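# Structural overview for review
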Amino acid sequence: MGAAAPFELSQLLRAVDSSSQQAAWEDLIARHTRLLLAVSRSFNGGHDEAMERYTYILDKLREDDFRRLRTFDETSGARFSTWLTVTARRLCLDHLRALYGRQRESAQPNRIYPLRSIRRALADSIGPEVDVERVIDEQSPSLIAQTVVVERDEALRAALVQLKSRERLLLALRYEDDLSAARIARIIGLPTPFHVYRQLNTILEKLRLSLESRGIEGVDG
Amino acid sequence: MNDADEHMTDMLIASYLDRRMSDIERERFENHLAECPECRQAVIEAESLLKRVRPTWRVNKVVALIAAVLVLVAVDLKVQQRDDLSAPTTTRATSTADSGLIAYGPSGEVTRSGLRFVWSPLAGAISYKILLVDASSLPVWSAAATDTSISLPATVALRTGENYLWVVDALASDGTTHSTGLHEFRVNR
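Summarised in this report is the structure supplied together with it. Since the model is a prediction, treat every value here as computed from it, not as a measurement.

### Some points on the overall build of chain B
When helices and strands are tallied, chain B shows four helices and 10 strands. In chain B, the succession of helices and strands from N to C terminus is α-α-α-α-β-β-β-β-β-β-β-β-β-β. Across the 189 residues that make up chain B, the buried fraction comes to 28%. Pairs at least 24 residues apart make up 63% of the contacts formed inside chain B by residues separated by at least 6 positions.

Next comes the structure, spelled out in structure tokens:
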């Protein structure tokens, strides 16, 4: 079942004259001011910066005869407030980029996952065995040890791409974004953090078996 | 939706956060998310913001419970005061327990089709006003009535699996207002 667009939005987009459009716009903003201010304040800076972002959001929402607001698709079933939060956050980022330029994104063509974190998790799940990475970090890296790491990472990458979308997302949220199980559960819609832990353990076990089938006995190489 | 190179639209992110995607859509979305730190960040931050600005259903229930307890305490104190003074008092109170205005339904698990709100008549009531809000306390629908029941218009969309709160306020001819207090139901299909 689709979520209906808020009454004020329908009024705004269907307004036949400028005064009723203005009234609907004011109603819409009044209803969502708290949300828009929360988004504006969620970025760094003080009150003035937050208000500047808030004004920027309003300007952009009004732009081109409410072009952005017209992209809200009520047949998607998503709530308007959810969409508005996502859009307002994106506008705040645009505003920051306009002021300070786009942050250079790390070019990682082969980036799939933070392998080191996953290796660590695999090692923890298996037991306190010797960790090649630590050996390399602490002593001068030998060519053999480096080769072992490279081979193992290749095998790990190959195992990772075999995982399902959700499994890879779970790993990314946990080991790349470093989110708690509770937050992951909320984001991907699992009932409790325990479900997250259980699924992560299953995924790590799957990876371990996959590595073993490729001739790598344990992540410690 | 292109899995790897195109970022997700705001609409798709909102649909994902609101769990409005089909299994196939969700899988494609999550496939992209697993590979795209930027879109993941958008989802993570939006979820966090929404959690902050939207009171959870549990919080709403606690607020409703506290409100109900306060009303009952106020009513109890008023009754005690009346007993102590042995004289009638005139107040323009908004109350639930002493009003006789009772919500009959819907409550518990309900189906969306043919949803009808029913409450008890209040002696001397001029009109009733019904308000329906969602789990985030956002108004979904309101209407005025002179009868003690009203159907939810077909144009009002309710989400399956979500909880809603409703309340009826009555305006009496003596100027007092009375309320059924908040009532809860969940749409199961």
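So that's the structure; there's more coming.
### With respect to the sheet that holds strand E2 (residues 103-105) of chain B
Residue and element names in this part refer to chain B. Strand order in the open sheet formed by three strands is E2-E4-E7, and the pairing between neighbours is antiparallel. In the strand order of this sheet, the two ends are held by E2 and strand E7 (149-151), each with one partner. When the angles between neighbouring strand axes are averaged without regard to direction, this sheet yields 20°. The pairing of E2 with strand E4 (residues 116-119) spans two bridges and is antiparallel. Looking at the pairing, Ala-103 lines up with Trp-119 of E4.

### So, the interface of chain A and chain B
Each partner contributes residues to the interface: chain A has 32 residues there, and chain B has 28 residues. Looking at the side of chain A that touches chain B, the elements with two or more residues in it are helix H2 (18-41), helix H4 (80-100), helix H8 (165-176) and helix H9 (181-188) of chain A. Looking at the side of chain A that touches chain B, the element that brings in the most residues is H4(A), giving seven residues. Partitioned by chemical class, the residues of the side of chain A that touches chain B number 13 nonpolar, 10 polar and nine charged.

### Quick word on the packing of H8(A) against helix H2 (residues 23-35) of chain B
For the pair H8(A) and H2(B), interaxial distance at closest approach is 8 Å and the crossing angle is 35°. In the crossing of H8(A) with H2(B), the sense of the turn from one axis to the other is left-handed. In this structure, H8(A) uses A:Ser165, A:Arg166, A:Arg168, A:Leu169 and A:Ala172 to contact H2(B), whose residues at the interface are B:Glu27, B:Glu30, B:Asn31, B:Leu33 and B:Ala34. Of the residues assigned to the contact of H8(A) with H2(B), the class counts are four nonpolar, two polar and four charged.

### Focus: unusual backbone geometry
Here B:Gly105 and B:Pro106 are connected by a cis peptide whose omega angle stands at 15°. With respect to the element layout, B:Pro106 can be found in the loop between E2 and strand E3 (108-110). Of note in the backbone geometry, A:Asp64 takes a positive phi value of approximately 50° without being a glycine. Structurally, A:Asp64 can be placed in helix H3 (residues 47-70).

### Details of H9(A)
One full turn of an α-helix is made of 3.6 residues, so residues set three or four places apart face in the same direction. Those residues of H9(A) that sit buried are A:Ala181, A:Ile184, A:Ile187 and A:Ile188. Each buried residue of H9(A) lies within a common arc of 125° when the element is viewed along its axis, so the set occupies one face. Considering only its buried residues, H9(A) is in contact with H8 and helix H10 (193-213) of chain A together with helix H3 (37-53) of chain B. A:Gly189 lies just past H9(A) and shows a positive phi near 85°.

### Some words on the packing of helix H1 (residues 7-14) of chain A against H3(A)
Packed helices, taken two at a time, are described by the angle between their axes plus the distance between the axes. Residue and element names in this part refer to chain A. Interaxial distance between H1 and H3 falls to 11 Å at its minimum, and their mutual angle equals 140°. For the element pair H1 / H3, the angle class is oblique. The handedness of the crossing between H1 and H3 is left-handed. On H3, the residues that touch Leu-9, Leu-12 and Leu-13 of H1 are Phe-66, Leu-69 and Arg-70. Of the residues in the contact of H1 with H3, the class split is five nonpolar, no polar and one charged.

Reading the values: rules and limits
- Residues numbered from 1 in each chain as written.
- Chains lettered and ligands numbered in written order.
- Predicted model: local features only at pLDDT ≥ 70, side-chain atom pairs only at ≥ 80, totals over all residues.
- Helix = DSSP H or I, 4+ residues; strand = E, 2+ residues; numbered from the N terminus.
- Buried ≥ 20, exposed ≤ 12 C-beta atoms within 10 Å, placed from the backbone.
- Contact = placed C-beta atoms within 7 Å.
- Pairing = 2+ DSSP bridges.
- Axes fitted to C-alpha atoms, helices over the stretch in contact; angles between N-to-C directions.
- Nonpolar A, V, L, I, M, F, W, Y, C, P; charged D, E, K, R; others polar.
- Left-handed = near helix turned anticlockwise from the far one by under 90°.
- Arc of directions from axis to C-beta.
- Parallel < 35°, antiparallel > 145°, perpendicular 65-115°, else oblique.

So far we have only geometry, and geometry alone does not tell us how the molecule works.
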